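# Observations on the model geometry
Okay, here's what each chain looks like letter by letter:
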Amino acid sequence: MLNANFEPINVCTTRRAIGLMLGGKAAMVANGRGYIRTVKELIPRPSVIRLDVQIHRPRPRVKLTRREVFRRDNYTCQYCGRRDGGLTVDHVIPRHLGGPHTWTNVVAACPSCNHHKGGRRLEEAHMNLHHVPKEPPANAAYIFGRHLAENEEWSQYIKGW
Ligand SMILES: [Zn+2]
């Protein structure tokens, strides 16, 4: 879904996109998904729609979820560099010691590193991070990047935002 100024704002379901189009709130920009047949007509299944009226919203941020932590950390344990699956989210300063649940205090960790670290601080566990954890960039390429493999036609609308 694009804002009226073509800024990409979110990913919605086909159902919602068609609802917005039929409600006169959005127009189709690209039809990448064929058609839906109703009793009366054939409705295009849009892959990109654009709102008719610009909506104002705060600067986008990447939501702090397990999936996004793993993606930011390139699916790699930030302590030992392992990539072979089974990642967990580790709080660098443990929560029971007041560590916050924020981008700068969470990292991807393999189960054995997480277990070894236990409820300790880095210094106590004699462990080091490969990268200092930061909030990921909130540009459109990062936010929507994980959809691009399956939706190549979106890329031209994401560039530059
Ligand atoms: Zn590890």
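## Structural notes on the layout of surface pockets
Estimates place the volume of the largest pocket at around 480 Å³. If you go around the largest pocket, you meet 21 residues; those closest to its centre are I9, R61, V62, I143 and F144. Top contributing element to the lining of the largest pocket by residue count: helix α5 (residues 140-144), with three residues. Here the lining of the largest pocket is composed, by residue class, of ten nonpolar, four polar and seven charged.

## Topic: the environment of W161
Positionally, W161 belongs in the segment after α6 (155-158). Excluding its chain neighbours within four sequence positions, the residues that come into contact with W161 are N5, F6, E7, P8, N139, A140 and A141.

## Quick word on the pairing of strand β6 (residues 106-109)
Burial of β6 is two-sided: the residues V106 and A108 facing one way and the residues V107 and A109 facing the other way are all buried. Pairing of strand β5 (residues 88-91) with β6 involves four bridges; the strand directions are antiparallel. Within the sheet, the bridge partner assigned to T88 lies in β6 and is A109.

Procedures and definitions
Residues numbered from 1 in each chain as written. Predicted model: local features only at pLDDT ≥ 70, side-chain atom pairs only at ≥ 80, totals over all residues. Heavy atoms only, no water. 1 Å grid on protein atoms, 1.4 Å probe; cavity = no way out; pocket = protein on both sides within 12 Å on 5 of 7 lines; lining within 4 Å. Points joined across faces, edges and corners; volume = space filled by probe spheres on them. Helix = DSSP H or I, 4+ residues; strand = E, 2+ residues; numbered from the N terminus. Nonpolar A, V, L, I, M, F, W, Y, C, P; charged D, E, K, R; others polar. Contact = heavy atoms within 4.5 Å. Buried < 20%, exposed > 50% of the residue type's maximum accessible area, 1.4 Å probe, protein only. Pairing = 2+ DSSP bridges.

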